[in-house]
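# Architecture and fold: a report
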Amino acid sequence: MSEPTNPFVSSSGRRATCMEMLQLFLDGEVTTEQREYFLSHMDHCMPCFKSYQVDMAIKQLLKDRCCGDGAPVDLVAQIKAQIIQKDS
Ligand SMILES: [Zn+2]
């Protein structure tokens, strides 16, 4: 099984890291090609998959609680720790 061409390579030829890809993906700043690449990348990249789950959970939580714009950083860290702990 060969990897599809990585559409996240910048014009300088540098590949985006997992975190960079994830950030772009979460920000919605990706092309359809990049989106599809990242989705299949997540299938076999546990760190990306986990970060994505954590981020989604936090967004949902913040939305549910309606904290306005942005929760305190330590609350976010706390939630992340809880989710990661629960998973492992
Ligand atoms: Zn990854």
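Source: prediction; values computed, not measured. For every chain, the first residue of the written sequence is number 1, and numbering continues from 1 onward in sequence order. pLDDT decides what is reported in this predicted model: residues at 70 or higher carry local features, side-chain atom pairs at 80 or more are listed and counted, and totals for whole chains, interfaces and linings draw on all residues regardless. No hydrogens and no water enter the side-chain calculation; it runs on all heavy atoms of the structure.

## Some details on the overall build of the protein
Put simply, DSSP H or I for four residues or longer makes a helix, DSSP E for two residues or longer makes a strand, and each gets a number counted from the N terminus. Counting secondary structure elements, the protein contains 4 helices and 0 strands. When contacts within the protein are restricted to residue pairs at least 6 apart in sequence, those whose partners lie at least 24 apart make up 49%. Shrake-Rupley sampling with a 1.4 Å probe provides the accessible areas, and residues are treated as covered by the protein chains on show and by no other component. When the accessible surface of the protein is totalled, it reaches about 6,400 Å², and 54% of it is carbon and sulfur. Pairs of residues are marked as contacts when any of their non-hydrogen atoms sit within 4.5 Å.

## Some remarks on helix H3 (residues 46-65)
How far a helix is expected to stretch is found by multiplying one less than its residue total by 1.5 Å. The end-to-end C-alpha distance of H3, which contains 20 residues, comes to 28 Å, matching closely the 28 Å that a straight helix rising 1.5 Å per residue would cover. Along H3, the residues that are buried comprise Cys48, Val54 and Ile58. Down the axis of H3, the sector holding all buried residues measures 130°, keeping them to one side. In H3, the exposed residues that point more than 90 degrees away from the buried face are Met46, Lys63 and Asp64. Buried, partly exposed and exposed residues are distinguished by accessible area as a fraction of the type maximum, computed with a 1.4 Å probe on protein chains only: under 20%, between the cut-offs, and over 50%, respectively. Comment: arc refers to directions from the helix axis out to C-beta atoms.

## Regarding the packing of helix H1 (residues 18-27) against H3
Axis geometry follows a simple rule: fit a line to the C-alpha atoms, using only the stretch in contact for helices, then measure angles between N-to-C directions, giving values from 0 to 180 degrees. Where H1 meets H3, the axes come as close as 10 Å, and the angle between the chain directions of the two elements is 35°. Note on packing geometry: the crossing formed by H1 with H3 is right-handed. From H1, Cys18, Met19, Leu22, Phe25 and Leu26 reach across to H3, where they touch Cys48, Ser51, Tyr52, Asp55, Met56 and Lys59. When the residues that make up the contact of H1 with H3 are grouped by side-chain class, the tally is 8 nonpolar, 1 polar and 2 charged. Handedness of each helix crossing follows the sense of rotation of the near helix against the far helix: counterclockwise by less than a right angle gives left-handed, clockwise gives right-handed. Any residue that is not Ala, Val, Leu, Ile, Met, Phe, Trp, Tyr, Cys, Pro, Asp, Glu, Lys or Arg is counted as polar, Gly included; the first ten are nonpolar and the last four charged.

## Some thoughts on the packing of H1 against helix H2 (residues 32-44)
One way to put it is that H1 packs onto H2 with a least axis distance of 11 Å and a crossing angle of 125°. The angle between H1 and H2 falls in the class oblique. Note that H1 runs across H2; the crossing there is left-handed. Together, Cys18, Met21, Leu22 and Phe25 of H1 and Arg35, Tyr37, Phe38, Leu39 and His41 of H2 make up the contact between the two elements. Our angle categories are set so that under 35 degrees counts as roughly parallel, over 145 as roughly antiparallel, 65 to 115 as roughly perpendicular, and the remainder as oblique.

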